[in-house]
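# Topology and contacts: notes
Single-letter residue listing:
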Amino acid sequence: MESVGVEGEATGGAGARAVPAGEWEREPHPSDSLRTFGAFVQALREHAGLSRADLGVRVRFSKHTVESVELGRRMPDEVFVERAEEALGNTGALRKAARHLTRGEAGLAAWFRRWARLEREAVSLSTYECRLVPGLLQSEAYARAVFEGTIPLRTDEELEVQLSARMERQAMMRERPKVPFSFIVEEHVFRRRFGDAEAMCGLVDHVLELTAPRNVTLQVVPLDAGLHACLDGPVQVLETPEGRRLGYSEGQQNGRLISDPKEMSLLCQRYETLRSQALNPSESRALLERLRGER
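Residues numbered from 1 in each chain as written. Predicted model: local features only at pLDDT ≥ 70, side-chain atom pairs only at ≥ 80, totals over all residues. Heavy atoms only, no water.

### A closer look at helix 7 (residues 140–148)
- When helix 7 is considered as a whole, its buried residues turn out to be Y142, A143, V146 and F147. The arc enclosing the buried residues of helix 7, seen along the axis, measures out at 130 degrees, which places them on a common side.
- Those residues of helix 7 that are buried lie in contact with helix 8 (156–175) and helix 10 (197–210). (Buried < 20%, exposed > 50% of the residue type's maximum accessible area, 1.4 Å probe, protein only. Helix = DSSP H or I, 4+ residues; strand = E, 2+ residues; numbered from the N terminus. Arc of directions from axis to C-beta. Contact = heavy atoms within 4.5 Å.)

Right, dumping it as structure tokens:
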């Protein structure tokens, strides 16, 4: 869960980038453009005599999402903007205002911010995870449960900021249909229980939906696969527009950006080897569908 500092196990070595002690606690504020856009949405909503829940129904988003947008804590995606435009007068004002939005970094741990910026420009992104569902695939209920269980405890407002940041990152996958996204996830990750049966089914449905596009590949490492090439822990690998490969791993209260060419070569070899050891995409989807039926 990269937004709060859990997406890999950090170790020493070439390419490590240290984060000063205590920096992880300092969260950036929402950008001015997000606050301004949010205030604009709130003013139009109140002028129309609608509550946040009312607007949520009309735009088919939760009232919490509407609140997060109005408070400048969440970057509204194109769908939200279009539906809000239609619900609040269809003047074209929201569409024009949305063009000037800039992404803030609220809710992202200090050591993760640089990687978050890199992945938004990457021409490919590969993720291996053995502890929890990757952040880019988490359902809102799953992400909320993860954040609620973190230590130190967060206030309700801090939790909403982190949740908004997590859901905002997922928009990247919908907005970039030509970028290959590859995920390799251990089967036991999907078997770890949270919430009730409905929440578990919702998670599987969410993962199946997000991994359905042709540019997204999900492979599951089955429980009976035995030992494999990536036992050192979770890792992410991306390719920059310049063709450079970078890696990222994360552990307790720290993250590590990996740039050393020799180390990246090893990481890429391990990832490609694990791809051959995991179930293929069709088999992986079938496994998830079976898991859903077991709930």
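### Details of the packing of helix 2 (residues 52–59) against helix 4 (residues 78–87)
- The contact between helix 2 and helix 4 brings their axes to 9 Å, and the two run at 115 degrees. Looking at the two axes, helix 2 sits roughly perpendicular to helix 4. The way helix 2 lies across helix 4 gives a crossing that is right-handed. Side by side, helix 2 and helix 4 meet where L55, R58 and V59 of the first sit next to F80, R83, A84 and A87 of the second. (Axes fitted to C-alpha atoms, helices over the stretch in contact; angles between N-to-C directions. Parallel < 35°, antiparallel > 145°, perpendicular 65-115°, else oblique. Left-handed = near helix turned anticlockwise from the far one by under 90°.)

### Details of unusual backbone geometry
- With an omega of 5 degrees, the peptide bond between I151 and P152 qualifies as cis.
- For P152, the location among the structural elements is in the loop between helix 7 and helix 8.
- Of note in this structure, R60 is not a glycine but carries a positive phi near 65 degrees.
- Relative to the elements of secondary structure, R60 occurs in the loop between helix 2 and helix 3 (63–70).
- When its relative accessible area of 61% is taken as the criterion, R60 is described as exposed.
- Even without glycine at this site, N90 takes up a positive phi of about 55 degrees.
- Here N90 shows up in the loop between helix 4 and helix 5 (93–98).

### Some thoughts on the state of the cysteines
- Evaluation of the coordinates by the stated rule reveals zero disulfides.
- Left unpaired, C130 is separated from the closest cysteine sulfur, that of C230, by 9.1 Å. (Disulfide = S-S within 2.5 Å.)

### What about the pattern of salt bridges?
- Taken as a whole and assessed by the stated rule, the structure comprises 16 salt bridges.
- Ionic pairing is found between R45 and E70, a salt bridge with its closest N-O pair at 2.5 Å. Pair noted here: R45 is in helix 1 (residues 32–47) and E70 is in helix 3, with a separation of 25 residues, a long-range link. Each member of the pair, R45 as well as E70, carries the same accessibility label: buried.
- Salt-bridge contacts for R256 lead to E263; the nearest nitrogen and oxygen are separated by 2.7 Å. Taken individually, R256 and E263 each receive the classification buried, so the pair is uniform in this respect. (Salt bridge = Lys/Arg side-chain N within 4 Å of Asp/Glu carboxyl O.)

### Regarding the packing of helix 7 against helix 8
- As a packed pair, helix 7 and helix 8 sit with axes 10 Å apart at the nearest point and diverge in direction by 140 degrees. The orientation of helix 7 with respect to helix 8, classified from their angle, is oblique. Helix-helix and strand crossings are classified by hand; for helix 7 and helix 8 the assignment is right-handed. For the pair formed by helix 7 and helix 8, the contact residues are E140, A143, R144, F147 and E148 on the first element and L159, E160, Q162, L163, R166 and M167 on the second.
- Of the residues assigned to the contact of helix 7 with helix 8, the class counts are five nonpolar, one polar and five charged. (Nonpolar A, V, L, I, M, F, W, Y, C, P; charged D, E, K, R; others polar.)

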